[in-house]
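Observations on chain architecture
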Amino acid sequence: MSTLVNIRTRPLMPGFGAEILGVDLATADEETLKGVVDTFHRHGAIMLRDQKMSPGQLVDFISNFGEPEDHTLKEFTVPGHPKVYTLSNRVVDGKPIGAHNDGVGWHTDYSYKAEPVMATMLYAVEVPPEGSDTLVADCVAAWNALPPEKQAELDGKILHHSYQYFMSTREYGARELSDELKAQNPDVYHPLVRTHPADGRKALWPSTGTVIEVMGMPKQEGLDLVEEMVEFATQDRFVYRHKWRKGDIMMWDNRCTLHTGTLYDDTKYIREMHRLWVRGDKPY
Ligand SMILES: [Fe+2]
């Protein structure tokens, strides 16, 4: 790898994630942006405070990581910016501008797709003073903390994921799918233990919501195992909890993490985030 510019960082938590200091993404030069991308691939998550980014600048920035991914539901993308999705409880002219209470429950984004998104980025446009935290679990640390016998038991297991099941059962906004959405989102099969293509590190990679079975196991036994592994990977010792400030950008690597959001008092506060995704590849 070529020599990279010196990016100042501090860990988000010991051994995981990096806060990048002293970089203004809207004006950063190409070398600095390369350093930011490299920091992301090595640390599992990055966070930068005090950014000021228009939707167009967010798309430009995320394009340094790969191709921006489309969003399954189109109604909450920012007008004129189909790659930028709004998470919000804000209502304008009687219409919600974003998805509300999405992403509560430990998961990895697009787990129901053959090629789940590699990275998720959130940009805080407006945030409540309390609640709406984002939690990211370091699934490499979780894998490494398992005893070898357990690792041997889990390695090679395949999970069956279903978007249809997910959308019919989720706590907020359960819905029946149109035939078009069904056709666009057939069931997929992913490993429970995922290998990171950058350096071969392994991550425990279960998810909640979309898994309907572990292949080769009785249904309930398989689901119990997935739940046990989610619980294991999301213990406090593996989890970074982000308290948002306006202007924060956070990105995590979905190949080696799980994440969840926490609720907030939506009768009192407005939350508005922009979410972007980077296209991923087939997990192995
Ligand atoms: Fe998510």
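Note that the coordinates shown come from a computational prediction; the quantities given were computed from them, not determined experimentally.

**Observations regarding the overall build of the protein chain**
A count of helical and extended segments in the protein chain gives seven helices and 18 strands. By its C-alpha atoms, the protein chain is 50 × 50 × 35 Å across when sized along the principal axes. Residues counted as buried form 53% of the 284 residues belonging to the protein chain. Taking all contacts inside the protein chain whose residues are at least 6 apart in sequence as the whole, residues at least 24 apart take part in 80%. Accessible area for the protein chain stands at about 13100 Å²; split by element, carbon and sulfur atoms hold 50% of it.

**Focus on the coordination of the iron ion**
At the metal site, the iron ion is ligated by His107 (NE2), Asp109 (OD) and His259 (NE2), and these contacts range over 2.1 to 2.2 Å. We classify Asp109 as buried; its relative accessible area is 7%.

**Quick notes on the packing of aromatic side chains**
Scanning the entire structure with this criterion turns up nine aromatic pairs. Taking the centre distance of 5.5 Å and the plane angle of 65 degrees together, the rings of Tyr110 and Tyr112 count as edge-to-face. The exposure class assigned to Tyr112 is buried, which follows from its relative accessible area of 9%. Here Tyr112 and Tyr163 contribute two aromatic rings whose centre-to-centre distance is 4.3 Å and whose plane-to-plane angle is 40 degrees, an arrangement assigned as tilted.

**Points about the sheet that holds strand β8 (residues 119-126)**
If you walk across this open sheet you meet the eight strands as β1-β2-β3-β16-β8-β18-β5-β4, and the pairing is mixed. With one partner strand each, in any of the chains shown, β1 (8-13) and β4 (77-78) form the two edges of the open sheet. As paired elements, β4 and strand β5 (residues 81-88) share two bridges and run antiparallel to each other. Paired with Thr77 across the bridge in β5 is Tyr85. Along the sheet, helix α1 (residues 30-43) contacts β1, β2 (16-21), β3 (45-48), β8 and β16 (249-253); its crossing angle with β2, the most-contacted strand, is approximately 160 degrees. On top of the sheet, helix α2 (residues 55-62) reaches β4, β5, β8, β16 and β18 (272-278); it is set at about 30 degrees to β18, its chief contact.

**Regarding a nonpolar patch on the surface**
On the surface, a cluster of nonpolar side chains totalling about 250 Å² of accessible area is made up of Ile158, Tyr189 and Met215. Position of Ile158 among the secondary structure elements: in strand β10 (residues 158-161).

**Details of the environment of Lys157**
Tracing the backbone shows Lys157 in the loop between α4 (148-154) and β10. Considering only alpha carbons, one finds Lys157 and His81, 76 residues apart in sequence, at a separation of 39 Å. Look past the residues within four positions of Lys157 in its chain and what remains in contact with it is His190, Pro191, Leu192, Val214, Met217 and Leu225. A polar atom in the side chain of Lys157 sits 3.3 Å from the backbone oxygen of Glu153.

**Describing the nonpolar core**
One finds Tyr163, Tyr240, Trp244, Met250 and Met273 to be the most contacted residues of the largest nonpolar core, which totals 28 residues. Mapped by element, the contributors of at least two residues to this core are β1, β3, β5, β8, α5 (163-169), β16 and β18. With three residues, α5 is the single largest residue contributor to this core. In this structure, Leu154, Val193, Ala203 and Phe232 belong to the second largest nonpolar core, which totals 27 residues.

**A word on the sheet that holds strand β17 (residues 257-261)**
With antiparallel pairing, three strands are arranged side by side in an open sheet as β15-β9-β17. The open sheet has two free edges, formed respectively by β15 (239-242) and β17, since each of these has just one partner strand. Here the average twist between neighbouring strands, direction ignored, is 20 degrees.

**Examining the side chain of Arg275**
In this structure, Arg275 sits in strand β18. Within the buried core, Arg275 has no salt-bridge partner, and the shortest N-O distance to an opposite charge, that of Asp102, equals 4.4 Å.

**Digging into a negative patch on the surface**
A cluster of acidic side chains, namely Glu221, Asp224, Glu227 and Glu231, defines a negative patch on the protein surface. With respect to the helices, strands and loops of the structure, Glu221 is situated in helix α7 (residues 219-233). What makes Glu221 partly exposed here is its relative accessible area of 48%.

**Some words on the state of the cysteines**
Under the criterion given, the structure shown has zero disulfides. Cys139 takes part in no disulfide bond, and the closest cysteine sulfur, belonging to Cys256, lies 7.6 Å away. The class for Cys139 is buried, based on a relative accessible area of 0%.

The rules behind each value
Residues numbered from 1 in each chain as written. Predicted model: local features only at pLDDT ≥ 70, side-chain atom pairs only at ≥ 80, totals over all residues. Heavy atoms only, no water. Helix = DSSP H or I, 4+ residues; strand = E, 2+ residues; numbered from the N terminus. Buried < 20%, exposed > 50% of the residue type's maximum accessible area, 1.4 Å probe, protein only. Contact = heavy atoms within 4.5 Å. Areas by Shrake-Rupley, 256 points an atom, 1.4 Å probe, with all protein chains shown as cover. Donors = N, O, S within 2.8 Å, 3.2 Å for Na, K, Ca; no water. Phe/Tyr/Trp six-rings, centres within 6.5 Å; stacked < 30°, edge-to-face > 60°. Pairing = 2+ DSSP bridges. Axes fitted to C-alpha atoms, helices over the stretch in contact; angles between N-to-C directions. Patch = residues over 30% accessible without salt bridge, like charges linked within 9 Å, V, L, I, M, F, W, Y side chains within 5 Å. Salt bridge = Lys/Arg side-chain N within 4 Å of Asp/Glu carboxyl O. Polar contact = N/O pair within 3.5 Å; in protein donor to acceptor, adjacent residues only side chain to side chain. Core = buried A, V, L, I, M, F, W, Y, C linked by side-chain atoms within 4.5 Å. Lys, Arg positive; Asp, Glu negative; His and termini not counted. Charge placed at Lys NZ, Arg CZ, Asp CG, Glu CD. Disulfide = S-S within 2.5 Å.

This is a description of form; function is not addressed.
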